[in-house]
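# Coordinate analysis (summary)
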Amino acid sequence: MHPLLGSADLTPHFERTLRLCKVQPGETVLIFTDPLFPHPAYPAAALAAASTLGAQVYILTAQSDQDVKDKVIRAAWTHADMILGMSFLPGSHSWMYSDVHSEALAAGARVLMVQEPPATLKRLPPTAEIRRISLAGAQRMEQAREVRITSPAGTDLTLRKDGRIGAYQCGVADEPGRWDHWPTGMVYCAPLEDSAEGVLVVQPGDVLLTSLQHARSEVRLTFRGGRVQSVAGGAEAVQIEAMLRAAGDDGADRLAHAGWGTDPRADWRVVGMDSESLAGAITVALGRNIFASPARHCGLGGVNRSRLHFDMCMLGTSLYLDGELVVDAGQLVDEE
């Protein structure tokens, strides 16, 4: 489809979501993108939607190899009321884990990541129910000190999160300093970087999200003292080992975050935010987790500055908070 037609088709969907994000007349909306962003209709659709709401809208297009530390990007981000991130810069760990993003949130910007395909945006619009379930999960996560993940395949992994926040995503950034991702529904935390102990098993059919693929063979990661001690399995295990080596830093083999999905509408066949969002699916990520936000139940608060961020999403897995079963073999125990 021609980008102009695509923009016209998507504008009502952007307007609905921006209304939920409380875009007001006179606010400054910054659309951040780059020439390699795979959905060229999005910036124009967002511009039309935000303009309809009375905002002052700007599109900042960075070159495809631009570092988001650039002073022009920093100045624009830290002076906008609302930022729409339509870019995969700076690459492996995304602008969301950058210092300039945290600075923008600290300055009071509302930030919404928008990078899933058009069909996914339309299929998974934000809802009050997904927000309710996700916020309730984040509140329970924040109270917890220990997270334990188990599965019949052999996963038995324990994490500590003493003092770390419980966060959620629901596809809406509607308060100063809040980041979110449209579309999404999930709950998570950044565990203490030296706390992971045990085994994590990725089964065939689970999702290696950063590689954009369903796993074809088992991957077994063993953790001690917060670090990956061994990676066993087939071709995907070899791939993960190579990624850890390529990162070449101290934090690549430590956990970034762990949590569960909250959206029953998500489709496991669609690799992307569906994988993290599916209600009861468990996500565990390796690597970078420096992401600070002044908003409640937002961000990670970790200290891992690795170049790597690698997400793995699993079905049929259980999660406990301080010994209380929250996700039972892929099913949410209590949505209240």
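Summarised in this report is the structure supplied together with it.

Parameters and conventions
- Residues numbered from 1 in each chain as written.
- Predicted model: local features only at pLDDT ≥ 70, side-chain atom pairs only at ≥ 80, totals over all residues.
- Heavy atoms only, no water.
- Pairing = 2+ DSSP bridges.
- Helix = DSSP H or I, 4+ residues; strand = E, 2+ residues; numbered from the N terminus.
- 1 Å grid on protein atoms, 1.4 Å probe; cavity = no way out; pocket = protein on both sides within 12 Å on 5 of 7 lines; lining within 4 Å.
- Points joined across faces, edges and corners; volume = space filled by probe spheres on them.
- Nonpolar A, V, L, I, M, F, W, Y, C, P; charged D, E, K, R; others polar.
- Disulfide = S-S within 2.5 Å.
- Buried < 20%, exposed > 50% of the residue type's maximum accessible area, 1.4 Å probe, protein only.
- Contact = heavy atoms within 4.5 Å.
- Core = buried A, V, L, I, M, F, W, Y, C linked by side-chain atoms within 4.5 Å.
- Phe/Tyr/Trp six-rings, centres within 6.5 Å; stacked < 30°, edge-to-face > 60°.

Taken in spatial order, the seven strands of this open sheet run E7-E9-E15-E16-E17-E11-E12, and their pairing is antiparallel. Each edge of the open sheet carries a strand with a single partner, namely strand E7 (167–169) and strand E12 (213–214). With two bridges connecting them, strand E11 (residues 207–208) and strand E17 (residues 309–314) associate as antiparallel partners. Bridging across to E17, Val207 finds its partner in Cys313.

Let us look at empty space enclosed by the protein. Empty space among the atoms becomes apparent when a probe as large as a water molecule is rolled across them. Per the counting criterion, the structure on display carries one cavity of 30 Å³ or more. Approximately 50 Å³ is the volume attributed to the largest cavity. Forming the boundary of the largest cavity are Leu124, Pro125, Pro126, Thr127, Ile130, Cys170, Pro183, Thr184, Asp263, Arg265 and Ser277. Partitioned by chemical class, the residues of the lining of the largest cavity number six nonpolar, three polar and two charged.

This brings us to the state of the cysteines. Taken as a whole, this structure holds zero disulfides when the rule is applied. Cys189 takes part in no disulfide bond, and the closest cysteine sulfur to it belongs to Cys298, at a distance of 14 Å. We note that Cys313 lacks a disulfide partner, and the nearest cysteine sulfur, in Cys189, lies 15 Å from it.

Roughly 720 Å³ of volume is contained in the largest pocket. Residue lining of the largest pocket: 30 residues in total, with Phe88, Gln115, Leu209, Thr210 and Asp311 positioned closest to the centre. Breaking the lining of the largest pocket down by element, the ones donating at least two residues are strand E8 (179–182), strand E9 (186–189), helix H8 (273–277) and E17. Partitioned by chemical class, the residues of the lining of the largest pocket number 16 nonpolar, eleven polar and three charged.

Attention now goes to unusual backbone geometry. Between Leu89 and the following residue, Pro90, the backbone shows a cis peptide bond with an omega angle of 0°. Tracing the sequence through the fold places Pro90 in the loop between strand E3 (82–86) and helix H4 (99–106). Omega for the peptide link from Trp182 to Pro183 comes to -5°, which places this bond in the cis form. Looking at the secondary structure, you find Pro183 in the loop between E8 and E9. For Leu212, which is not glycine, the phi torsion reads 55° and is therefore positive. Among the secondary structure elements, Leu212 is positioned in the loop between E11 and E12. You can call Leu212 exposed: its relative accessible area is 62%.

What follows covers H4. Residue pairs spaced three or four apart in an α-helix point in one direction, given the helix's 3.6 residues per turn. Every buried residue of H4 is listed here: Val100, His101, Ser102, Ala104 and Leu105. Buried residues in H4 make contact with helix H3 (71–77), E3, strand E4 (110–114) and E8. At the exit of H4 stands Gly108, carrying a positive phi of roughly 105°.

The subject of this paragraph is the nonpolar core. Leu221, Phe223, Ile240, Trp260, Leu286, Met312 and Leu319 are the most contacted members of the largest nonpolar core, which has 40 residues in total. In terms of residues, this core owes the most to one element, helix H7 (residues 235–247), which gives four residues. With residues up to four places along the chain from it excluded, the contact list for Trp260 reads Gly137, Met141, Met186, Val187, Glu276, Ala281, Ile282, Leu319, Leu321, Val326, Val327 and Leu332.

With that out of the way, let us pick up the packing of aromatic side chains. Summed over the entire model, instances satisfying the criterion amount to eight aromatic pairs. Between Phe14 and Trp182 the ring centres are 5.0 Å apart and the planes differ by 80°, which places this aromatic pair in the edge-to-face class. Of this pair, Phe14 sits in helix H1 (residues 3–20) while Trp182 is found in strand E8, placing the two residues 168 residues apart along the sequence. A relative accessible area of 1% means that Trp182 is categorised as buried. An angle of 70° between the planes, with centres 5.3 Å apart, marks the rings of Trp77 and Trp95 as edge-to-face. With Trp77 in helix H3 and Trp95 in the loop between E3 and H4, this residue pair connects regions lying 18 residues apart in the sequence. Of the two residues examined, Trp77 and Trp95, each falls in the buried class.

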